[in-house]
Each structure stands twice: as structure tokens, then as C-alpha cells.
Amino acid sequence: MKRVFSFGLWTVMNRGADPFGAPTRSPLDPLQVISGLAAHGAQAFELHAEDLIPPGSLLAERDRLIHEARQRMDDAGIRCVACGSDVFSEPIFKDGGLVSNEARVRRLAIARYAAAIDVGHLLGAPLFNIWGGRDGAEVDASRSPIDALKRLRDGFNELAAHIARHGYAMRLSIEPKPNEPRGDLYLSTVGHALAFIATLDQPDRVGVVPELAHAAMAGLNPAHEIAHALYAGKLFGIHLNGQRPLRFDQDLRFGGANLKDSFFVVKLLEDEDWPGPRSFDAHPYRTTDEQGVWDFVQGCISAYKILAEKVRRFNEDLEVHQLLAEIRSWDVSVPPVETAAEGSPRRAFLYDRLDHLVFEILMGTR
Ligand code: XLS
Ligand code: MG
């Protein structure tokens, strides 16, 4: 299987601003980013419709930009694998997009998503990914969480109906996150998203896009989060990056933190032969300049390839094989129930050795 590497346009276009500091890089043009990604090893990209088409653009301007983007895509041999919408940065959505307490604002959010779905369709995106960054709360007294879920349900149902009505070959996904920018977001983990999807009118059309950083922010094991999505047949996409647990959203480059977690995520995707694009959603460091963003792109891809190679080594290692064969053999030799408590032999769990083999393989000493 040929792996497809992808980046959000917003990752490379990120200008290095943070809540305490102004941008440190000048803006990059999205069309330039599309060609630049292809030139630096990516075969695909994701975007928010607004990354390409400034909000408020007239239809003719939208169509011109889409036409130019498609031309770039054809010339560079790069495709669009997911579209979304920036329903989080504008003040009008400050109390939520789909969950806002103002019906008028909820309508605006749905219209905004629907328009972005149309853009995604015109760019050939097979997925519309929704990260509802404002769909949360700081003041729980202001909204019942049940009402929030019902509003989210109504919004997703409407968007799925929009896709069906137009006959688009496009699926929907939810990208969960526990918090930030809101104090708490309602769709916080893969588990929350899966339970929520089951309440929708067309659950088959909707899946999840787990992000490593978001799982780590919730103190969860990202490989386990992704496994739940895979197990449910709902892994529609993935956002790869780095993050120290239980902190603000760091969006560090892939490989920039949590080496072992990253290894087990790559191992899961590779072992399961997951066919989807390996999408990076991280930011070049604030200290990086306009040239350095391409090092960031190449670095993320290279980190994935190196970890995939480590997975191959792990899977082919003789001692690892022996240990795993030993572990598997326990599964078939079930001791009779009456002797299980005191009569069965003491098992040597060689997990210390196994864990060290992982360490050695990762460090390159094996
Ligand atoms: C933010 C999200 C965001 C989405 C796209 O935390 O990761 O970047 O992936 O809207
Ligand atoms: Mg993301």
C-alpha cells in the first residue's frame, strides 16, 4: 500500500502567533502552499474552506480561487482529502457555532458549514471534517449540556441531509477535543464522538478524526483512542502531531514529543493496514521562519517514515517474535477453573524485556 501524506493548509500557513505573542512569519499564499506541499513530499492536503476563500467572498471570486486551486492540484499531482470550515475564529461564533444559544447564530453556522461542504465537493474532498472549536462552554449555567447535544445532533443531521440532497460522494467526521479554546468542549474524546454519532439520522455517513494532541490533552493514550475508532469502523481520518499530556494545545510537530506514543500510533495504523491519508496537523515552531516551514513539512513526513521502519523492525525482530509467541501460547492453554487460583504455574511475564526491546529499537541500538 502506498502511503499518502497530507497536511492541513492551515499548518503551513500558521504565522506563529500565540495567545501571548504576535505573528513571527509573513503570510503564505494558499496556492503557493498547495504547490509547496507537493514539492516537499506530500501527496494530499486538507483545508478549511476559509484557508483558500476569504469569508465574505462573492461567488465569482470563490469559483476563480477553486479553479486556480484545481489547476495547481493537477499540475503538482496533489489531491484534497478533507475540507472543513473555520467556524471558530469570528466573534459572531464566540458562544458556539452549532450549539450557540442564539438560533440565528446556529443558522449562520449551518450555512457556513454547508457552503464549505460545497467548496470541499468542488475540490474533490471525500471527507468534511468538523472540529467545532467554539461548541463548548465556560459557564455551565448558561446552557444545559443535553440541549447542546441536541443542537449538535440537529446540526449534523442537517449537514448530512445537505450532502445527501446534493448527491455528494462525501462523508462527515467529528474531530473531538477536550477543551481549548472553550473551557470545555462537548465532543471531547473519540468515545464521546462515537456515542454521539449513534444518535444521528444517518450514522453511517459520520465518523471520527482523532488527533494525537487532543487525546494527550485529555491524558488519554492516543493509540487506544484510535483503536476505538478503528474497531467501530469509524476511523475516517487522523491528525498526527506531538503534545505533552494535560496541557494547552501545543500542536508540536510529529515526533516532537511522546516518541513511544507516536510509535504505537504508527504501529497500529501500519499493522492494521489503514488505508487513509497520514495527515499532519501541527505548527512550525514560533521561532521558525518562512523557509523553515518546509523543514517542518519534511520533518513530519520523515518522522512518520522512520517510525514505520521501526515498526517493521519490531515486527521482524526474532526475540520480539519469541516473546509474542510465548504470550499468545498462554491464550490457548487455559487451566481448569478449580486449579486456576492456587494450582497454576507462576507465569513469567517478560514484559520488562519486551518494553526494553521497544526502547532499543526506537533508540537504534538494536
Ligand atoms: C484544533 C484542530 C483544528 C482542526 C481543523 O485544535 O486540531 O486545527 O484540525 O479545524
Ligand atoms: Mg486537528
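One structure accompanies this document, and this report is about it.

Turning our attention to the site of ligand 1. As a matter of local geometry, ligand 1 sits amid Trp 10, His 48, Phe 88, Trp 131, Glu 175, Lys 177, Glu 211, His 214, His 239, Asp 249 and Asp 281. Within the side chain of Lys 177, an N or O atom sits 2.8 Å from an oxygen atom of ligand 1. Separating an oxygen atom of ligand 1 from a side-chain N or O atom of His 239 is a distance of 3.1 Å. Compared with its free state, where it exposes 290 Å², ligand 1 has 92% of that area covered by protein. Its residues placed into classes, the shell around ligand 1 shows three nonpolar, three polar and five charged.

Protein-derived coordination of the magnesium ion (ligand 2) comes from Glu 175 (OE), Glu 211 (OE), His 239 (ND1) and Asp 281 (OD), at a distance range of 1.9 to 2.3 Å. Mapped onto the polypeptide sequence, the residues donating to the magnesium ion (ligand 2) form the spacing pattern E-x35-E-x27-H-x41-D. Remark: Asp 281 occurs in the loop between β10 (278-280) and α11 (292-316) and Glu 211 occurs in the loop between β8 (206-208) and α8 (212-217); sequence separation between them is 70 residues. Side by side, Glu 211 and Asp 281 carry an identical accessibility label, which is buried.

Moving on, we come to helix α2 (residues 30-39). Taken residue by residue, α2 has Pro 30, Leu 31, Val 33, Ile 34, Gly 36 and Leu 37 as its buried positions. Just downstream of α2, Gly 41 is the residue with a positive phi angle, here 105°.

With that settled, consider the pairing of strand β4 (residues 127-130). Along a regular strand, successive side chains alternate from one face of the sheet to the other. Side-chain alternation along β4 places Leu 127 and Asn 129 on one buried face and Phe 128 and Ile 130 on a second face that is also buried. Looking at chain direction, β4 and strand β6 (residues 171-174) are connected through four bridges and run parallel. When the bridges of β6 are listed, Ile 130 appears paired with Ile 174.

Quick notes on the rules
Residues numbered from 1 in each chain as written. Chains lettered and ligands numbered in written order. Predicted model: local features only at pLDDT ≥ 70, side-chain atom pairs only at ≥ 80, totals over all residues. Heavy atoms only, no water. Near = heavy atom within 4 Å. Polar contact = N/O pair within 3.5 Å; in protein donor to acceptor, adjacent residues only side chain to side chain. Areas by Shrake-Rupley, 256 points an atom, 1.4 Å probe, with all protein chains shown as cover. Nonpolar A, V, L, I, M, F, W, Y, C, P; charged D, E, K, R; others polar. Donors = N, O, S within 2.8 Å, 3.2 Å for Na, K, Ca; no water. Helix = DSSP H or I, 4+ residues; strand = E, 2+ residues; numbered from the N terminus. Buried < 20%, exposed > 50% of the residue type's maximum accessible area, 1.4 Å probe, protein only. Pairing = 2+ DSSP bridges.

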